[in-house]
Amino acid sequence: MQLHTIATSIAIAGLGAAAQPVFAQAAAGTSTVTIYGIMDAGIEYRSRNNADGDGVWRVNSGGLNTSRLGFKGSEDLGDGMKAVFNLESEVNLDSGTSGSALWGRLAYVGLEKKGLGTVMLGRNSTTVYDFVLPHDFMGYAPQYSYLTTSASVPSSGYTSRVSNAVKYVGSFGGFKLGAHYGFGEVSTSAGANSAYGLGAAYSAGAVSAQVSFDEGRSGATEALPASTRNRSAIASGSYDFGAAKLYAGLRATKRSPAVPSATDVEFRSDLWWLGASAPVSQAVTLFGGVYYENKHDTGSDPTMFAGKATYNLSKRTWLYAVAATARSKGDNGTHTPTGVFRDQVPVGAQQSGFGIGVQHRF
Amino acid sequence: MQLHTIATSIAIAGLGAAAQPVFAQAAAGTSTVTIYGIMDAGIEYRSRNNADGDGVWRVNSGGLNTSRLGFKGSEDLGDGMKAVFNLESEVNLDSGTSGSALWGRLAYVGLEKKGLGTVMLGRNSTTVYDFVLPHDFMGYAPQYSYLTTSASVPSSGYTSRVSNAVKYVGSFGGFKLGAHYGFGEVSTSAGANSAYGLGAAYSAGAVSAQVSFDEGRSGATEALPASTRNRSAIASGSYDFGAAKLYAGLRATKRSPAVPSATDVEFRSDLWWLGASAPVSQAVTLFGGVYYENKHDTGSDPTMFAGKATYNLSKRTWLYAVAATARSKGDNGTHTPTGVFRDQVPVGAQQSGFGIGVQHRF
Amino acid sequence: MQLHTIATSIAIAGLGAAAQPVFAQAAAGTSTVTIYGIMDAGIEYRSRNNADGDGVWRVNSGGLNTSRLGFKGSEDLGDGMKAVFNLESEVNLDSGTSGSALWGRLAYVGLEKKGLGTVMLGRNSTTVYDFVLPHDFMGYAPQYSYLTTSASVPSSGYTSRVSNAVKYVGSFGGFKLGAHYGFGEVSTSAGANSAYGLGAAYSAGAVSAQVSFDEGRSGATEALPASTRNRSAIASGSYDFGAAKLYAGLRATKRSPAVPSATDVEFRSDLWWLGASAPVSQAVTLFGGVYYENKHDTGSDPTMFAGKATYNLSKRTWLYAVAATARSKGDNGTHTPTGVFRDQVPVGAQQSGFGIGVQHRF
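On a predicted model such as this, the values are computed, not experimentally measured, just so you know.

### Some words on the overall build of chain A
- The secondary structure content of chain A amounts to 2 helices and 19 strands.
- Within the span of chain A, comprising 362 residues, buried residues form 56% of the whole.

### Remarks on empty space enclosed by the protein
- Using the criterion set out here, one finds 6 cavities of 30 Å³ or more in the structure.
- What the largest cavity holds in volume is close to 140 Å³.
- Taken together, 15 residues make up the lining of the largest cavity; nearest its centre are Leu102 and Trp103 of chain A, Leu102 and Trp103 of chain B together with Trp103 of chain C.
- For the lining of the largest cavity, the secondary structure elements donating two or more residues are β4 (68-78) of chain A, β4 (68-78) of chain B together with β4 (68-78) of chain C.
- A per-class count over the lining of the largest cavity returns 12 nonpolar, 3 polar and no charged.

### Thoughts on the side chain of Ser156 of chain B
Residue and element names in this part refer to chain B.
- Summarising the element assignment, Ser156 is placed in the loop between α2 (127-132) and β9 (161-172).
- Residue classification places Ser156 among the buried positions, given a relative accessible area of 6%.
- Of note is the side chain of Ser156, whose polar atom sits 2.3 Å from the side chain of Glu293.
- Sequence-distant contacts of Ser156, that is, excluding residues within four places in its chain, are made with Thr148, Thr149, Ser150, Arg251, Thr253, Phe267, Ser269 and Glu293.

### Comments concerning the side chain of Asp136 of chain A
Residues and elements named next belong to chain A.
- For Asp136, the position within the fold is in the loop between α2 (127-132) and β9 (161-172).
- The side chain of Asp136 is buried and forms no salt bridge, while Lys308, the nearest opposite charge, is found at 7.5 Å.
- Excluding its chain neighbours within four sequence positions, the residues that come into contact with Asp136 are Ser145, Leu147, Tyr247, Trp273 and Tyr291.

### Structural notes on the environment of Phe241 of chain A
All names here are of chain A.
- Looking at the secondary structure, you find Phe241 in the loop between β13 (228-240) and β14 (245-256).
- Given the relative accessible area of 55%, Phe241 is considered exposed.
- Separated by 30 residues in sequence, Phe241 and Val211 have C-alpha atoms that sit 22 Å apart.

### Details of the pairing of strand β10 (residues 175-182) of chain B
Residue and element names in this part refer to chain B.
- Pairing of β9 with β10, which is carried by 8 bridges, proceeds in the antiparallel orientation. Considered in β10, the bridge of Lys167 is made with His180.
- Remark: 2 residues form the turn of the hairpin made by β9 and β10, two consecutive strands paired antiparallel; Gly173 in that turn has positive phi of roughly 60°.

### Some words on the pattern of salt bridges
- One pass over the full model with this rule turns up 40 salt bridges over all chains.
- The salt bridge involving Lys167 of chain A is made with Asp130 of chain A; its shortest N-O contact spans 2.5 Å. Residue Lys167 of chain A is found in strand β9, and its partner Asp130 of chain A is found in helix α2; the two are separated by 37 residues along the sequence.
- A relative accessible area of 23% places Asp130 of chain A in the partly exposed class.
- Notably, a salt bridge pairs Glu44 of chain B with Arg58 of chain B, separated by 3.2 Å at the nearest N-O pair.

### Concerning the environment of Leu102 of chain B
- Mapped onto the fold, Leu102 of chain B is located in the loop between β6 (97-98) and β7 (106-113).
- Given a relative accessible area of 10%, Leu102 of chain B falls into the buried group.
- Here the alpha-carbon distance between Leu102 of chain B and Gly355 of chain B, two residues 253 residues apart in the chain, equals 27 Å.
- Apart from the residues within four sequence positions on either side, Leu102 of chain B is in contact with Gly96, Thr97, Ser98 and Leu102 of chain A, Glu88, Ser89 and Glu90 of chain B together with Leu102 of chain C.

### Quick notes on unusual backbone geometry
Residues and elements named next belong to chain C.
- Note that the residue after Gln143, namely Tyr144, is joined by a cis bond; omega there is 5°.
- Positionally, Tyr144 belongs in the loop between α2 (127-132) and β9 (161-172).
- For the bond running from Val153 to Pro154, omega is -10°, close enough to zero to count as cis.
- You can see Pro154 is positioned in the loop between α2 and β9.
- In this structure, Arg48 is a non-glycine residue whose phi angle is positive, near 45°.
- Considering the arrangement of structural elements, one finds Arg48 in the loop between β2 (31-46) and β3 (56-61).
- Overall, Arg48 belongs to the partly exposed group, its relative accessible area being 41%.

### A look at the nonpolar core
- One finds Leu69 and Phe71 of chain A, Leu69 and Phe71 of chain B together with Leu69 and Phe71 of chain C to be the most contacted residues of the largest nonpolar core, which totals 67 residues.
- The contacts of Phe71 of chain B, once residues within four sequence positions are left out, are Ile35, Leu69 and Phe71 of chain A, Thr34, Ile35, Tyr36, Phe85, Asn86, Leu87 and Trp103 of chain B together with Phe71 of chain C.

### A look at a nonpolar patch on the surface
Residue and element names in this part refer to chain A.
- On the surface, a cluster of nonpolar side chains totalling about 730 Å² of accessible area is made up of Phe172, Phe175, Leu177, Tyr202, Val207, Tyr239, Phe241 and Leu246.
- Residue position: Leu246 is located in strand β14.
- With relative accessibility at 38%, the residue Leu246 sits in the partly exposed group.

### Here's the deal with the confidence of the model for chain A
Residue and element names in this part refer to chain A.
- Counting all residues, the mean pLDDT for chain A is 88, and 90% of those residues have values of 70 or more.
- This stretch, residues 1-28, has a pLDDT under 50; its non-local contacts, to residues over four places away or in other chains, come to 84 contacts.
- Reported confidences for the modelled complex are a pTM of 0.92 and an ipTM of 0.90.

### Topic: the environment of Val265 of chain A
Residue and element names in this part refer to chain A.
- Relative to the helices and strands, Val265 is located in the loop between β14 and β15 (267-279).
- Judged by its relative accessible area of 43%, Val265 is partly exposed.
- Between the alpha carbons of Val265 and Asp297 there is a distance of 9.5 Å; along the sequence they are 32 residues apart.
- Contacts of Val265, omitting those with residues within four sequence positions, involve Arg255 and Pro257.

### Observations regarding the pairing of strand β5 (residues 81-92) of chain C
Residue and element names in this part refer to chain C.
- Of all the 12 residues making up β5, 9 are buried; the element is thus mostly covered by neighbouring parts of the structure.
- Of the pairings in the sheet, the one linking β4 to β5 comprises 10 bridges and is antiparallel in character. Of the residues in β5, the one forming a bridge with Arg68 is Glu90.
- Between β4 and β5, which pair antiparallel and follow one another directly, the connecting turn spans 2 residues, one of which, Asp79, has a positive phi of 55°.
- Pairing of β5 with strand β7 (residues 106-113), which is carried by 8 bridges, proceeds in the antiparallel orientation. Within the sheet, the bridge partner assigned to Asn86 lies in β7 and is Tyr108.

### Observations regarding the packing of aromatic side chains
- Applying the stated criterion across every chain yields a total of 39 aromatic pairs over all chains.
- Centre to centre, the rings of Tyr129 of chain B and Tyr140 of chain B are 4.8 Å apart; their planes meet at 55°, and the pair counts as tilted. Of the two residues, Tyr129 of chain B sits in helix α2 while Tyr140 of chain B sits in the loop between α2 and β9, which places them 11 residues apart along the sequence.
- A centroid spacing of 4.8 Å and a plane angle of 55° characterise the contact between Tyr239 of chain C and Phe241 of chain C, whose relative ring orientation is tilted.

Calculation criteria
Residues numbered from 1 in each chain as written. Chains lettered and ligands numbered in written order. Predicted model: local features only at pLDDT ≥ 70, side-chain atom pairs only at ≥ 80, totals over all residues. Heavy atoms only, no water. Helix = DSSP H or I, 4+ residues; strand = E, 2+ residues; numbered from the N terminus. Buried < 20%, exposed > 50% of the residue type's maximum accessible area, 1.4 Å probe, protein only. 1 Å grid on protein atoms, 1.4 Å probe; cavity = no way out; pocket = protein on both sides within 12 Å on 5 of 7 lines; lining within 4 Å. Points joined across faces, edges and corners; volume = space filled by probe spheres on them. Nonpolar A, V, L, I, M, F, W, Y, C, P; charged D, E, K, R; others polar. Polar contact = N/O pair within 3.5 Å; in protein donor to acceptor, adjacent residues only side chain to side chain. Contact = heavy atoms within 4.5 Å. Lys, Arg positive; Asp, Glu negative; His and termini not counted. Salt bridge = Lys/Arg side-chain N within 4 Å of Asp/Glu carboxyl O. Pairing = 2+ DSSP bridges. Core = buried A, V, L, I, M, F, W, Y, C linked by side-chain atoms within 4.5 Å. Patch = residues over 30% accessible without salt bridge, like charges linked within 9 Å, V, L, I, M, F, W, Y side chains within 5 Å. Areas by Shrake-Rupley, 256 points an atom, 1.4 Å probe, with all protein chains shown as cover. pLDDT = per-residue confidence, 0-100. Phe/Tyr/Trp six-rings, centres within 6.5 Å; stacked < 30°, edge-to-face > 60°.

And the structure:
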C-alpha cells in the first residue's frame, strides 16, 4: 500500500482546562478515527408514479445502499476493553441534503469487552435491523426491498433506528445476542414511547439463522400517555451452497394504535421472502427473489419480485442494475396502492421500476 | 515536510455483512480521502443598506470565496479508470450555520477514464459555472462580483448548482468539453423542471477562452407542468500578458416565466465585463474591472466597478481588501434598486462597499 | 506510538483555477488538520420534571461536557505567525441531531503571532466563557452547573457564543488577556444587537484567578433599534492545595429589556459558587460544591448542591456519576420554579437529578 504523507493529527482541542496534548494520547493506547462512507447514485425509472399513471425518470441516491458519511473510532483501554464511538449521517447525493437528523443513522459512544460484547449509549440501529440485514437478498436496498418497510398501503415494517437507547451486542462462538431499550422520556409514565428489541443469531459454515423481535412505541404525551405500538417478530436465515446462496424469512408485524381511527386501524401482516444470490463470474453477482405480504385486514396482499446485478470494478466500487415489479391482489384500483420504492407512498395497484448506478465505498 | 504520526485509518465500517477490512482496500489499488476547505472571513462596510440610506458594518463569511468544508476521494481502478466522489458544504463563518442543503455545493459520485473524461451523478456545479469561473477577475466573490447573479432588480444570472444531475467533463489537449443534464423528476412530463448545460473551452499558453450555455427550469407541478425557464449564454476569455492578465466576457440572459405576472415578467439582459489582474510584488496581486449590465426591459442598466488586493502570507493563506461601487442609470430612485452584494436584494439606486479579511485554504 | 498507514491526504480541491497540489502545501510550511471530538452520553433520572411532580428517566448527551465534533487546523507562516481555523459542532448523541447552527460552537479563521496573541473572525465562544470555565468545579456540565445559565425562573447567565465577532486572546507570562466584539449588523444603528466582552486572568503555580465582563444585546430592529442588554461581571479563581483544589467565584448579572413587559422585567442577580475537587485514587477524582443565586427582585434565591465522580479508563475515556439537588427559598410553589438542568425550564420549586455515563475524547 502506498503511504501518503499526512498533515493530520488527532488531538484534544478546544476543551479549555482539560486539553491534553497529542502525545499523551499515544501513551494511553492505540486509537483510531476512521472516516468512511458509501457514495451510491444512479438513474431510475418507475412506472405509474402518480394518480394519472405517469412514470418518472429520476437520479436517485442509494439505489443499492443508503449513501452515508461516517466517523468512527476506538481506543484500546487494555485488558480486552475498548472505547468505541460512531457518528453516521445519511447523504442524499441527488439533492445534496442530509437526513433530517444529521447523525440520524448512528450516534453513540460505548464500551466493548472482549468475550462479553459491546454496550452502546445514544441513537442506534435497532437489534432487528442488524440481525435481519444479512438475510435480505436485496440488502435493505431503497431500490428495492420490502423488508424494513413495504411500499404498500397501509405500510408495515419495523423500526430501523432508535433514539435514547442503551444497546448491547455480543458474540459467543457461532452465536450472537443482541438487545436494546430506548427510553421514551415522557415524564408521566416510564414506558410511554419506549422501544425495545431482542435478537439471537447462529452462524457456522454455510448456515446463518436468526430470530428477533422489535417493539416501537410512539405518540404518547403527558396528557395522553398511551403509546401506539408497532411490533415485529422475524425469523430468517441463509444457506450458502457455494454455487448459490439462499435467503428466506418471515416477518410478522402488528400495529396497535393507542387511539384507533378511520385512518389508523389495528393492523396485522406477515411478510414472507425467498431469494438467492449467485456469482456468475469473478466480477458479476446476481441476486433475485420475491417478497409476499399477507395483509390480514385489507387482503391486498402485495407481491414484489426484485433482483439486482453487481459488477465489481474493485473491492470498493461497483456498477449495478436493479429491477422490481410489485402488484397487489386483485389489481382492484386505488384502494390498495402498492409500489416498489420503500420510501414513497404508492398511488396505484401495481408499479415497476428499474435503475442503473454506481456505488463507491471508502 | 514534517510527518505527523497518525491515528487515523480509512476503513469500511458499519455496513453489516458487507464490511471489508482495511487491508483489503489496499489490495484494490491506491485510494485517497481528502479533507479540504476554505475558511474566509472579514469585516465589511456597505453604504445605503436600507430604505433610509443607512450603512452597515458586518462580519462577513466568504469575502473572496465562499467558505466551505469538503470531503473528496478517489480510487485507482486500473486501466486509467478511477472512482471519484466529492461532498462539499458551504460554511457561514459569521453565524456558524451551513448552507440550506448540507452538501449543497457538491454531492456526487463518478467514474473517470483517462483520455475520455469524467461522468458524475448527483448534485453538482453547472457546466457554465465551471467554465466561466477562470474568466471572472473577481472570482465569483460574494464581495463583489455580478457574474453568477447581479445585485440589481430584477436580478439576473445563471444557475450555479444543479440537483439530480448527470454531468460530464473531459479534456483533450488544450480543449475542454462539458455537459450536464438535471432531471426534473416531475411525473407528468419528462422535461418539466429539468436543467442542462453545455460548454467548450480552449487554453494554450497565454490564451484561455470558452463558450457555454445554461438552461434551468423550475416551478412546474403535475397540475401545471409548464416550467419557468432561465437561459444564459456566455462567451468569455482571458489573456496573460505576463505583467498583467486581462479578463473579458459577455453573458446574455433570458428569463421566460411559465406564468408571467406583474412581479415575474419575461426579462432579458446582457452583462459585459472587463477586468485585469497584475502581480505588483511577490506577495501582492491587484485585481480590478467593471461589470455593465444592459437590462433590455427596465433600462436601469447597472454598472459596478470592483477591485481587490491580495497579500499572500503563504501559498494557502492571504489577507485581502475588496471594494466596489454600483449604480443604476439615471439614479431614479426606488424602482431601480442596485447593490454590490450578490446575495442581498438591494434597496437603493446605488451602493458602495469595502472590506478586509483573511482567507485560509487547507 | 503505533503508526497507522493512511490513505488520506490534505489537498486543495474543487477550487477551480486556484487549485494547488498537495506538495505545494508542504513547501509553504508545516500544517495540520485535526479531527477531534467529545462523545459523552449517559442515563439520567430527574425528579419533579413536570407540573404533576413526575420524574423522568432519560438518555442524555453530554452529562459532563457537551458532545461535539470538530475540525481545526493551523499553518506555520514563519516568523512566529500562524494561520488557524476551527469548526466545532454540537452533537446530540441521544437523538442524533446537531445543534441548530451546524458549526454553532465555533466557526472562525484567524492569525496567531507568537508573543502577541491570536485574532479570530467568525462565530466564537465569548471571552467570559473561556476565562471562567477553569474555575467552575462542574465544568459547565449540562449535568449540573449554574454558571453559564441557571435553571431557575427568570433564568440568568451570560452569553456563551457570539456571532459576527472579532476576538482576541493573548498570553504574557502568567497573564492572559481577552476581548471580543460582535457586530450587531443592524443597518440603522451601529451598536444595536452588538456584543462585547473583556477578560484578564493570572495564573502561577497553585493560583489561578480572573475577572471578566460580558454584554450581549438582542432584539433590536431597524424600526425599533433599542437593544435588550444582558450584562455579567465575573470574578473567579482556584487554588490547588495538592490534596484538593478549591474553586470560587461571583457572577453579577443584570438584564435590561429594551421594552420591559410583564414577562420581561429588568432583572438582577448575583451567583456565588464554591467548590472543590480531589483525586482520591489514581483513577478516581471527586468534585463537589454549591451554587447560590441572590435574585434581587423575586427573592426566590435558588441553591444547588452538585457533585460528580470520574473514573478514568484512560487519559481520554472515563466513566462518571453526577448528582445535584436544587431548591428555591421558601419552597413557595409554582411562582419560583427551580431545577437542576441548565437547558430546561423548570416547573417546580425544587428538583434533584443524578446520572451515570461514559465520555470518550478523541
